[in-house]
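These are the residues of each chain, in order.
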Amino acid sequence: MARDLRICFVGDSFTAGTGDPTGAGWVGPVLAALRADGVAVTGYPLGVRRETSLDIARRWYPEVRARLRDGTDHRVVLSFGANDVSAPTGRPRVPQERTLDVLAAVLDEAHAAGWPAFVTGPPPAPGDGAQTGRALALSAAMAEVAAARGVPFTDLAAPLATDPSWAEAVRAGDGIHPDVRGYRLLAGLLLPPLRAWLG
(Lines give C-alpha, C1' and ligand atoms only; values in the text may rest on other atoms or scores of the structure.)
Protein backbone atom coordinates (compact mmCIF):
# COMPACT_ATOMS: atom_id res chain seq x y z
CA MET A 1 0.00 0.00 0.00
CA ALA A 2 1.31 3.46 -0.90
CA ARG A 3 2.22 5.70 1.98
CA ASP A 4 -0.56 8.16 2.88
CA LEU A 5 0.92 10.47 5.49
CA ARG A 6 -1.31 12.55 7.78
CA ILE A 7 0.23 15.10 10.17
CA CYS A 8 -1.54 17.20 12.80
CA PHE A 9 0.31 20.38 13.77
CA VAL A 10 -0.93 21.23 17.27
CA GLY A 11 0.00 24.53 18.84
CA ASP A 12 -0.65 28.21 19.41
CA SER A 13 -0.72 31.36 17.28
CA PHE A 14 2.68 30.63 15.72
CA THR A 15 1.32 27.33 14.46
CA ALA A 16 -1.73 29.20 13.17
CA GLY A 17 0.52 31.63 11.26
CA THR A 18 -0.81 34.74 12.99
CA GLY A 19 0.59 37.87 11.38
CA ASP A 20 1.44 36.26 8.04
CA PRO A 21 -0.59 38.06 5.37
CA THR A 22 -0.32 35.01 3.11
CA GLY A 23 -1.91 32.82 5.78
CA ALA A 24 0.72 30.12 5.27
CA GLY A 25 2.71 30.60 8.49
CA TRP A 26 5.47 28.01 8.83
CA VAL A 27 3.24 24.98 8.40
CA GLY A 28 2.33 25.88 4.82
CA PRO A 29 5.92 26.10 3.51
CA VAL A 30 6.85 22.89 5.33
CA LEU A 31 3.97 20.99 3.75
CA ALA A 32 4.75 22.46 0.33
CA ALA A 33 8.38 21.37 0.61
CA LEU A 34 7.41 17.85 1.67
CA ARG A 35 5.04 17.56 -1.28
CA ALA A 36 7.80 18.80 -3.58
CA ASP A 37 9.93 15.97 -2.15
CA GLY A 38 7.28 13.57 -3.43
CA VAL A 39 5.74 12.84 -0.02
CA ALA A 40 1.97 12.24 -0.15
CA VAL A 41 1.10 14.29 2.94
CA THR A 42 -2.10 15.80 4.30
CA GLY A 43 -1.45 18.44 6.96
CA TYR A 44 -3.86 19.75 9.57
CA PRO A 45 -2.81 23.04 11.23
CA LEU A 46 -4.44 23.10 14.68
CA GLY A 47 -3.13 26.33 16.17
CA VAL A 48 -5.19 28.53 18.49
CA ARG A 49 -4.16 32.04 19.52
CA ARG A 50 -3.19 32.76 23.13
CA GLU A 51 -3.36 29.10 24.12
CA THR A 52 -0.98 27.78 26.74
CA SER A 53 0.08 24.17 27.14
CA LEU A 54 -2.80 23.73 29.60
CA ASP A 55 -5.32 24.80 26.97
CA ILE A 56 -3.75 22.58 24.33
CA ALA A 57 -3.75 19.60 26.70
CA ARG A 58 -7.53 19.87 27.03
CA ARG A 59 -8.31 19.82 23.32
CA TRP A 60 -5.51 18.15 21.42
CA TYR A 61 -6.51 14.47 21.65
CA PRO A 62 -10.06 14.60 20.24
CA GLU A 63 -8.99 17.07 17.54
CA VAL A 64 -6.15 14.82 16.42
CA ARG A 65 -8.14 11.59 16.67
CA ALA A 66 -10.85 13.04 14.40
CA ARG A 67 -8.24 13.79 11.72
CA LEU A 68 -6.08 10.68 11.90
CA ARG A 69 -8.74 8.11 11.09
CA ASP A 70 -7.59 7.65 7.49
CA GLY A 71 -4.22 7.26 5.83
CA THR A 72 -1.44 4.81 6.59
CA ASP A 73 1.07 6.95 8.55
CA HIS A 74 -0.21 9.14 11.40
CA ARG A 75 2.00 11.81 13.03
CA VAL A 76 1.69 14.70 15.49
CA VAL A 77 3.83 17.85 15.67
CA LEU A 78 3.54 19.69 19.00
CA SER A 79 4.59 23.32 19.16
CA PHE A 80 3.79 25.33 22.28
CA GLY A 81 5.31 27.27 25.16
CA ALA A 82 5.33 30.86 23.90
CA ASN A 83 2.19 31.72 25.86
CA ASP A 84 3.39 29.75 28.88
CA VAL A 85 6.49 31.95 29.21
CA SER A 86 4.69 35.23 28.53
CA ALA A 87 4.11 37.27 31.67
CA PRO A 88 1.43 39.95 31.11
CA THR A 89 0.89 40.29 34.88
CA GLY A 90 4.54 39.96 35.85
CA ARG A 91 4.56 36.19 36.31
CA PRO A 92 4.69 33.51 33.61
CA ARG A 93 1.23 32.32 32.63
CA VAL A 94 2.29 28.71 33.27
CA PRO A 95 5.19 27.67 35.55
CA GLN A 96 7.90 25.77 33.70
CA GLU A 97 7.43 22.54 35.66
CA ARG A 98 3.72 22.52 34.81
CA THR A 99 4.50 22.92 31.11
CA LEU A 100 6.92 20.01 31.32
CA ASP A 101 4.30 17.85 33.05
CA VAL A 102 1.84 18.63 30.25
CA LEU A 103 4.39 17.82 27.57
CA ALA A 104 5.22 14.50 29.20
CA ALA A 105 1.54 13.57 29.50
CA VAL A 106 0.75 14.52 25.89
CA LEU A 107 3.74 12.59 24.57
CA ASP A 108 2.72 9.55 26.58
CA GLU A 109 -0.84 9.79 25.23
CA ALA A 110 0.44 10.12 21.66
CA HIS A 111 2.65 7.07 22.12
CA ALA A 112 -0.24 5.04 23.51
CA ALA A 113 -2.35 6.03 20.49
CA GLY A 114 0.39 4.95 18.10
CA TRP A 115 1.07 8.47 16.81
CA PRO A 116 4.79 9.30 16.47
CA ALA A 117 5.43 12.81 17.81
CA PHE A 118 7.80 15.67 17.07
CA VAL A 119 8.21 18.66 19.41
CA THR A 120 9.36 22.25 18.93
CA GLY A 121 10.08 24.74 21.67
CA PRO A 122 8.85 28.34 21.79
CA PRO A 123 10.49 31.07 19.73
CA PRO A 124 12.24 33.99 21.48
CA ALA A 125 10.64 37.38 22.05
CA PRO A 126 12.81 40.14 20.58
CA GLY A 127 12.85 43.20 22.82
CA ASP A 128 11.88 41.20 25.91
CA GLY A 129 15.01 39.73 27.42
CA ALA A 130 13.19 38.19 30.38
CA GLN A 131 10.69 36.33 28.21
CA THR A 132 13.42 35.20 25.85
CA GLY A 133 15.36 33.89 28.85
CA ARG A 134 12.32 31.91 29.97
CA ALA A 135 11.86 30.59 26.43
CA LEU A 136 15.49 29.44 26.33
CA ALA A 137 15.17 27.69 29.70
CA LEU A 138 11.86 26.06 28.82
CA SER A 139 13.15 24.90 25.46
CA ALA A 140 16.16 23.22 27.05
CA ALA A 141 13.95 21.47 29.58
CA MET A 142 11.43 20.40 26.91
CA ALA A 143 14.29 18.88 24.96
CA GLU A 144 15.12 16.69 27.96
CA VAL A 145 11.51 15.51 28.33
CA ALA A 146 11.37 14.65 24.63
CA ALA A 147 14.76 12.91 24.65
CA ALA A 148 13.73 10.74 27.59
CA ARG A 149 10.92 9.40 25.38
CA GLY A 150 12.92 9.11 22.19
CA VAL A 151 10.98 11.96 20.59
CA PRO A 152 12.76 14.40 18.26
CA PHE A 153 12.89 18.02 19.41
CA THR A 154 13.87 21.25 17.68
CA ASP A 155 14.94 24.31 19.64
CA LEU A 156 13.74 27.58 18.10
CA ALA A 157 14.74 29.91 20.93
CA ALA A 158 18.51 29.48 20.85
CA PRO A 159 19.12 29.89 17.10
CA LEU A 160 16.70 32.84 16.79
CA ALA A 161 17.52 34.72 20.01
CA THR A 162 20.53 36.41 18.41
CA ASP A 163 19.30 36.39 14.81
CA PRO A 164 18.76 39.97 13.60
CA SER A 165 16.53 38.73 10.79
CA TRP A 166 14.10 37.26 13.34
CA ALA A 167 14.07 40.46 15.37
CA GLU A 168 13.43 42.50 12.23
CA ALA A 169 10.61 40.18 11.13
CA VAL A 170 8.90 40.47 14.53
CA ARG A 171 9.24 44.26 14.50
CA ALA A 172 7.69 44.29 11.03
CA GLY A 173 4.88 42.10 12.33
CA ASP A 174 2.82 42.94 15.40
CA GLY A 175 5.74 42.93 17.85
CA ILE A 176 4.98 39.36 18.96
CA HIS A 177 4.43 37.46 15.73
CA PRO A 178 6.69 37.86 12.71
CA ASP A 179 5.81 38.78 9.16
CA VAL A 180 6.13 36.28 6.34
CA ARG A 181 9.95 36.44 6.49
CA GLY A 182 9.93 35.26 10.09
CA TYR A 183 7.69 32.33 9.30
CA ARG A 184 10.06 31.37 6.49
CA LEU A 185 12.87 31.38 9.07
CA LEU A 186 10.84 29.03 11.27
CA ALA A 187 10.13 26.76 8.32
CA GLY A 188 13.82 26.73 7.40
CA LEU A 189 14.77 25.63 10.91
CA LEU A 190 12.09 22.97 11.13
CA LEU A 191 12.17 21.42 7.69
CA PRO A 192 15.49 19.49 7.95
CA PRO A 193 14.67 17.74 11.24
CA LEU A 194 11.10 17.08 10.07
CA ARG A 195 12.43 15.49 6.88
CA ALA A 196 14.74 13.30 8.96
CA TRP A 197 11.87 12.32 11.27
CA LEU A 198 9.65 11.38 8.36
CA GLY A 199 12.38 9.32 6.77
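Residues numbered from 1 in each chain as written. Predicted model: local features only at pLDDT ≥ 70, side-chain atom pairs only at ≥ 80, totals over all residues. Heavy atoms only, no water.

Draft legend 1. Representation of the pattern of salt bridges within the structure. Counting across every chain of the model gives ten salt bridges. For the salt bridge of R75 with D73, the shortest nitrogen-to-oxygen distance reads 2.8 Å. Like D73, R75 is buried. In this structure, R149 engages D108 in a salt bridge whose closest nitrogen and oxygen atoms are separated by 2.8 Å. One end of the pair, R149, is in the loop between α6 (129-148) and β5 (153-154); the other, D108, is in helix α5 (residues 96-113), and 41 residues separate them in sequence. D108 gets classed as partly exposed once you look at its relative accessible area, which sits at 40%. Overlapping salt bridges, with partners in common, bring together R3, D73 and R75 in one network. (Salt bridge = Lys/Arg side-chain N within 4 Å of Asp/Glu carboxyl O. Buried < 20%, exposed > 50% of the residue type's maximum accessible area, 1.4 Å probe, protein only. Helix = DSSP H or I, 4+ residues; strand = E, 2+ residues; numbered from the N terminus.)

Draft legend 2. Region of the structure containing helix α3 (residues 53-67). Taking 1.5 Å per residue, 15 residues should reach 21 Å; α3 reaches 20 Å between its end C-alpha atoms and fits that length. Buried residues along α3 sit against β1 (5-11), β2 (41-47), β3 (73-79), α4 (82-85) and α5. (Expected span 1.5 Å × (residues − 1). Contact = heavy atoms within 4.5 Å.)

Draft legend 3. Seen up close, the packing of aromatic side chains. Summed over all chains, the structure comprises five aromatic pairs. Measuring from ring centre to ring centre gives 5.2 Å for Y61 and W115, while their planes differ by 35 degrees; the resulting arrangement is tilted. One end of the pair, Y61, is in helix α3; the other, W115, is in the loop between α5 and β4 (117-120), with 54 residues separating them in the sequence. Given the relative accessible area of 26%, Y61 is considered partly exposed. Judged by its relative accessible area of 7%, W115 falls in the buried class. (Phe/Tyr/Trp six-rings, centres within 6.5 Å; stacked < 30°, edge-to-face > 60°.)

Draft legend 4. Seen up close, the side chain of E51. Summarising the element assignment, E51 is placed in the loop between β2 and α3. E51 gets classed as buried once you look at its relative accessible area, which sits at 13%.

Draft legend 5. Here's a closer look at the side chain of H177. By secondary structure assignment, the location of H177 is in the loop between α8 (164-172) and α9 (180-198). Residue classification places H177 among the buried residues on the basis of a relative accessible area of 5%. A polar atom in the side chain of H177 sits 2.6 Å from the side chain of S13. In this view, H177 contacts S13, F14, T18, R49, A169, V170 and Y183; residues no more than four positions away in its chain are not counted. (Polar contact = N/O pair within 3.5 Å; in protein donor to acceptor, adjacent residues only side chain to side chain.)

Draft legend 6. Spotlight on α5. Taking 1.5 Å of rise per residue, 18 residues should cover 26 Å, and α5 covers 26 Å from first to last C-alpha, within 8% of that figure. Within α5, the full set of buried residues consists of T99, L100, V102, L103, A104, V106, L107 and A110. For α5, the elements touching its buried residues are α3, β3, α4, β4 and α6. Directly beyond the C-terminal end of α5, a positive phi value near 80 degrees is found at G114.

Draft legend 7. Broad picture of the pairing of β4. Judged by which residues are buried, β4 turns out to be covered on both faces: A117 and V119 on one side and F118 and T120 on the other are all buried. In the sheet, β3 pairs with β4 via four bridges, with the strands oriented parallel. Note on β4: the bridge partner recorded for L78 is V119. Alignment of β4 against β5, held across two bridges, turns out to be parallel. Paired with V119 across the strands is F153, a residue of β5. In this region the chain leaves β4, passes through α6 and returns to the parallel neighbour β5; the handedness of that crossover is right-handed. (Pairing = 2+ DSSP bridges. Right-handed = clockwise from strand over helix to strand, strands pointing away.)

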